Amino acid sequence: MACNIYTGFHAVEERVREFAQKKDGSIKLSILYSKPGPRIKKILSQAEEIGIECMSVSGDELDELVKSLPETARDHRGIILKADGEEERASNVVQLDQWLTACPDDATVMVLDSVTDPHNVGAVLRSCDQFGADLLIIPERHSSADVHDNQVIARSSAGASAWVPYSVVSNLVRSVQMLKDAGFWIYGADAGGKKLSELDFARKTCIIMGSEGSGIARLLSEQCDQTISIPTCGKIDSLNVSVAAGILLYERYRQSGK
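Residues numbered from 1 in each chain as written. Predicted model: local features only at pLDDT ≥ 70, side-chain atom pairs only at ≥ 80, totals over all residues. Heavy atoms only, no water.

## A few points about the side chain of Thr7
Piece 1. Examined against the element boundaries, Thr7 turns out to sit in strand 1 (residues 2–7).
Piece 2. Once residues within four sequence positions are removed from consideration, Thr7 is found in contact with Val12, Val66, Leu69, Ala73, Asp75, His76, Ile79, Ile80, Gln95, Asp97 and Gln98. (Helix = DSSP H or I, 4+ residues; strand = E, 2+ residues; numbered from the N terminus. Contact = heavy atoms within 4.5 Å.)

Written out as structure tokens, the structure reads:
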């Protein structure tokens, strides 16, 4: 077990909310903060209600605690959360809000909504690696989110699960809203959407793939700026989700000129 450190308002809030729901006694959370503004005071109030220890420290102490983290995670904004007893996170697991502070101007993000088959998750990861996707976002619930501990995903991804940056989030709608606020154009894959051959992807592109049965959830589909489809000529209803993801990522890669 390890002590993981979370930085940034959104990441700390999400971890506090998750702890309140699960009440995992094997993990001890503590919050260290300096110069609390309104946002930090709100987080502290929520944390103290569920018994999380909160301590006031200097900004220098926070800087010291985060100096070993990846560069994008060092902007603590005056608050960090320590989680003692958690499994150590892999190096390619990222926090979305931190990733957004340093993402490239021509980034590609893939979002999986309720894709539960680990073979499909692994195949999508493999396509993300081959076609230069910058981030894969997976929901914590209703998915094969435990990428590094899932041997089926690891095998299906041909090793890409150890390299492709990915973020496991508790709320996909909120995460996509964050992407929109950061300038991403949101594309939802749907059989009734605009043909891929007629589409020019935006410089900041997010592609959402839904499950083969129910598609993209309604609240998530409402966040889409445009729906897109892959023209086909077969007699069955649709492509496998991982195959469709690979085709969309290839076309995005081709257009980007990378």
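## So, the sheet that holds strand 7 (residues 166–169)
Piece 1. Reading across from one edge, 7-6-5-9-8-10 is the order of the six strands in this open sheet, with parallel pairing throughout. At either end of the open sheet lies a strand with only one pairing partner, and these are strand 7 and strand 10 (226–229). Pairs of neighbouring strands in the sheet enclose a mean axial angle of 30°, with direction left out of account.
Piece 2. Of the pairings in the sheet, the one linking strand 5 (residues 108–112) to strand 9 (residues 205–209) comprises five bridges and is parallel in character. Each bridged residue has a counterpart across the sheet, and for Met110 the counterpart in strand 9 is Ile207.
Piece 3. Sitting on the sheet, helix 9 (residues 241–256) touches strand 5, strand 8 (185–195), strand 9 and strand 10, and the angle it makes with strand 9 is about 165°. (Pairing = 2+ DSSP bridges. Axes fitted to C-alpha atoms, helices over the stretch in contact; angles between N-to-C directions.)

## Points about a nonpolar patch on the surface
Piece 1. Taken together, the side chains of Leu239, Val243 and Ile247 define a hydrophobic patch exposed on the protein surface, amounting to about 200 Å² of accessible area.
Piece 2. If you trace the backbone, Ile247 turns up in helix 9. (Patch = residues over 30% accessible without salt bridge, like charges linked within 9 Å, V, L, I, M, F, W, Y side chains within 5 Å. Areas by Shrake-Rupley, 256 points an atom, 1.4 Å probe, with all protein chains shown as cover. Salt bridge = Lys/Arg side-chain N within 4 Å of Asp/Glu carboxyl O.)

## Describing the environment of Ile52
Piece 1. Counting through the fold element by element, Ile52 comes out in the loop between helix 2 (38–49) and strand 3 (53–56).
Piece 2. Setting aside its immediate chain neighbours within four residues, Ile52 contacts Val16, Phe19, Leu29, Ser30, Ile31 and Ala47.

## Some words on the sheet that holds strand 2 (residues 28–33)
Piece 1. Taken together, the four strands give an open sheet; going across it, the order is 1-4-2-3, and neighbouring strands pair in mixed fashion. Edge positions in the sheet fall to strand 1 and strand 3, since each of these pairs with one other strand and no more. For this sheet, the mean angle separating the axes of adjacent strands, direction not counted, is 20°.
Piece 2. Across four bridges, strand 2 lies against strand 3 in parallel orientation. Across the sheet, Leu32 pairs through a bridge with Met55, a residue of strand 3.
Piece 3. The strands touched by helix 1 (residues 9–22) are strand 1, strand 2 and strand 4 (79–86); relative to strand 4, the strand with the most contacts, the crossing angle is about 40°.

## Comments concerning the pairing of strand 8
A regular strand carries its side chains on alternate faces of the sheet.
Piece 1. Sheet topology note: the strand 8/strand 9 ladder contains four bridges and is parallel. Bridge assignment links Ile186 to a residue of strand 9, and that residue is Cys206.
Piece 2. Relative to strand 10, strand 8 runs parallel, the two being bridged by five bridges. Each residue of the ladder has a partner; that of Lys194, found in strand 10, is Ile228.

## What to know about the pairing of strand 9
Piece 1. Burial analysis of strand 9 places five of its five residues in the buried class, the great majority of the element.
Piece 2. Side chains of strand 9 alternate between two faces, with Thr205, Ile207 and Met209 and Cys206 and Ile208 buried alike. (Buried < 20%, exposed > 50% of the residue type's maximum accessible area, 1.4 Å probe, protein only.)

## Some thoughts on the packing of helix 1 against helix 2
Axis angle and axis distance: for two packed helices, these are the angle between their axes and the distance between the axes, and together they describe the pair.
Piece 1. At a closest axis distance of 10 Å, the pairing of helix 1 and helix 2 adopts a crossing angle of 15°. In terms of orientation, helix 1 lies roughly parallel with respect to helix 2. Note on packing geometry: the crossing formed by helix 1 with helix 2 is left-handed. Taking contact as the criterion, the partners of Phe9, His10, Val12, Glu13 and Val16 in helix 1 are, on helix 2, Arg39, Ile40, Ile43, Gln46 and Ala47.
Piece 2. Across the contact of helix 1 with helix 2, the residue classes tally to six nonpolar, two polar and two charged. (Parallel < 35°, antiparallel > 145°, perpendicular 65-115°, else oblique. Left-handed = near helix turned anticlockwise from the far one by under 90°. Nonpolar A, V, L, I, M, F, W, Y, C, P; charged D, E, K, R; others polar.)

## A short note on the packing of helix 5 (residues 118–130) against helix 9
Piece 1. Between helix 5 and helix 9, the shortest axis-to-axis distance is 8 Å and the interhelical angle comes to 10°. The pairing of helix 5 with helix 9 is recorded here as roughly parallel in orientation. Contacts between helix 5 and helix 9 involve Asn120, Ala123, Val124, Ser127 and Cys128 from the former and Val241, Ser242, Ala245, Gly246 and Leu249 from the latter.
Piece 2. For the contact of helix 5 with helix 9, a count of residues per class yields six nonpolar, four polar and no charged.

## Quick word on the pattern of salt bridges
Piece 1. Here the structure, examined in full by the defined rule, presents seven salt bridges.
Piece 2. For Glu13, the salt bridge identified is with Arg39, shortest N-O distance 2.9 Å. Of the two residues, Glu13 sits in helix 1 while Arg39 sits in helix 2, which places them 26 residues apart along the sequence.
Piece 3. Given the relative accessible area of 37%, Arg39 is considered partly exposed.
Piece 4. Here Asp225 and Lys180 are joined by a salt bridge, their closest N and O atoms 3.6 Å apart.

Nothing here speaks to function; it is all geometry.
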